[in-house]
Amino acid sequence: MNTRSLLNKLAKQFPKRYAKMNHDFVGLMTGKLPTEVNKVLLCLDCDWEIFPLIKEEKPDLVLTHHPLVYGTRSRVFKRDPSKKELCDALDKIGVPVYSMHTNFDTGKGGMNDVLAEALGLKDIQIVEGNIMMRGGKLPSPMTAEEFAKHANKCLNVSYSLLLNKGKPVVESAAIIGGAGSYNWTIAKEAGYDIFISGDCPHHVRREIINGKYNYLDMPHEIEKIFVPAMKKIIHEMDDSIQIVCVDHEKEPNIIR
């Protein structure tokens, strides 16, 4: 498939303007785009851990969720020389990296839609106050603890951190994958019984507790759903493109 055609179709569904609203860095991270794309490697993050696989597979394009270079190249490379080394190594083997971050989180059929669907939510909609957030009704009422276990199973992780300070039985939920805990007040004011996100710092936990609300902090790794979701999207555009799916990100070990 023509590379520009592929990226233009993706851009219609996940416009870069969504990323600009979040002061995000998306698009071509390193390398030069080929004229045609026949093989795409999909991963949540492009890093040294998967470089040997990239070198072996020789894809025409690596498509990631998290930006390989988050910020200006000069600042990122000064702070992290290994990042420059990785970009140089990718350039040397001629494999470009393209990233779709908060534009994928926000767009229809993107991260938060597929996470909400995976949870089995019904009547999924954009939550007023944050176009990235999705909310919906649970398949059936559950205690907050039951819902946490349900979410772990649906999003394929072994743990989550529950603050059950709100309604003991929840019937609706809102979600932002990744680091969105500070948006909990938007979910609460919109009438959702529990809010799901991740990377919640201590001071935000205290705010949620004092706000008497339910919050489920889930590992950032739930965003690896990007890989099968993007594979489906690309194949709907052109099912002849070979897709290499990489799932190399695992949760940290829990020591009790």
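Conventions adopted
Residues numbered from 1 in each chain as written. Predicted model: local features only at pLDDT ≥ 70, side-chain atom pairs only at ≥ 80, totals over all residues. Heavy atoms only, no water. Pairing = 2+ DSSP bridges. Helix = DSSP H or I, 4+ residues; strand = E, 2+ residues; numbered from the N terminus. Axes fitted to C-alpha atoms, helices over the stretch in contact; angles between N-to-C directions. Contact = heavy atoms within 4.5 Å. Salt bridge = Lys/Arg side-chain N within 4 Å of Asp/Glu carboxyl O. Buried < 20%, exposed > 50% of the residue type's maximum accessible area, 1.4 Å probe, protein only. Core = buried A, V, L, I, M, F, W, Y, C linked by side-chain atoms within 4.5 Å. Polar contact = N/O pair within 3.5 Å; in protein donor to acceptor, adjacent residues only side chain to side chain. 1 Å grid on protein atoms, 1.4 Å probe; cavity = no way out; pocket = protein on both sides within 12 Å on 5 of 7 lines; lining within 4 Å. Points joined across faces, edges and corners; volume = space filled by probe spheres on them. Nonpolar A, V, L, I, M, F, W, Y, C, P; charged D, E, K, R; others polar. Parallel < 35°, antiparallel > 145°, perpendicular 65-115°, else oblique. Left-handed = near helix turned anticlockwise from the far one by under 90°.

Chemist: Account for the sheet that holds strand β4 (residues 97-99), naming residues and giving values.
Modeler: To summarise the sheet geometry, strands pair through backbone hydrogen bonds and adopt either a parallel or an antiparallel arrangement. Spatially, β1-β4-β3-β2-β11 is the arrangement adopted by the 5 strands of the open sheet, whose pairing is mixed. Because the sheet does not close on itself, it has two edges, and the strands there are β1 (27-30) and β11 (242-245). Pairs of neighbouring strands in the sheet enclose a mean axial angle of 30 degrees, with direction left out of account. As paired strands, strand β2 (residues 39-43) and strand β3 (residues 61-64) are joined by 4 bridges and run parallel to one another. Paired with C43 across the two strands is T64, which belongs to β3. Sitting on the sheet, helix α11 (residues 226-237) is in contact with β2, β3 and β11, with an inclination near 155 degrees to β2.

Chemist: Can you break down the pattern of salt bridges residue by residue, with the values?
Modeler: When the charged atoms of two side chains with opposite charge come close together, those side chains can pair. Evaluation of the coordinates by the stated rule reveals 6 salt bridges. The shortest N-O distance in the salt bridge between K39 and E57 comes to 3.1 Å. Linking K39 in strand β2 with E57 in helix α3 (residues 51-57), this pair joins segments that are 18 residues apart in sequence. Classification of K39 by relative accessible area gives buried; the value is 15%. D123 serves as the salt-bridge partner of K137, at 3.8 Å between the closest nitrogen and oxygen. Pair noted here: K137 is in strand β6 (residues 130-143) and D123 is in strand β5 (residues 122-127), with a separation of 14 residues, a long-range link.

Chemist: I'd like a description of the nonpolar core, backed by residues and values.
Modeler: Core analysis: the largest hydrophobic core is formed by 44 residues, its most contacted members being L63, F104, F147, M230 and I234. At 6 residues, the largest contribution of residues to this core is made by α11. In this view, M230 contacts L10, L42, L63, M100 and F104; residues no more than four positions away in its chain are not counted.

Chemist: Kindly report on the side chain of H101, identifying the contributing residues and their values.
Modeler: Examined against the element boundaries, H101 turns out to sit in the loop between β4 and α6 (102-106). Reaching out from H101, the side chain makes a polar contact with the side chain of D24 at a distance of 2.9 Å. Ignoring any residue separated from it by four or fewer positions in sequence, one finds H101 in contact with D24, V26, H65, H66, P67 and Y70.

Chemist: Tell me about the layout of surface pockets, and please be specific about residues and values.
Modeler: For the largest pocket, the calculated volume is near 400 Å³. What lines the largest pocket is a set of 21 residues, and nearest its centre among them are N22, T102, M132, A179 and Y182. Those elements that provide at least two residues to the lining of the largest pocket are α6 and β6. Of the residues belonging to the lining of the largest pocket, the class tally is 7 nonpolar, 11 polar and 3 charged.

Chemist: Give a description of empty space enclosed by the protein that names residues and reports values.
Modeler: Within this structure, the stated rule accounts for 2 cavities of 30 Å³ or more. A volume near 50 Å³ is recorded for the largest cavity. Lining the largest cavity are L7, L10, A11, F14, K16, V26, G27, Y98, S99, M100 and N103. Only α1 (3-13) and β4 provide two or more residues apiece to the lining of the largest cavity.

Chemist: Explain the packing of α1 against α11 to me, using residue names and the numbers behind them.
Modeler: Viewed as axis vectors pointing N to C, α1 and α11 meet at an angle of 120 degrees, and their least axial separation amounts to 11 Å. Comparing their axes, α11 and α1 come out oblique. Here α1 runs over α11; the crossing is right-handed. On α11, the residues that touch L6, K9, L10 and Q13 of α1 are M230, I233, I234 and M237. For the contact of α1 with α11, the per-class residue count stands at 6 nonpolar, 1 polar and 1 charged.

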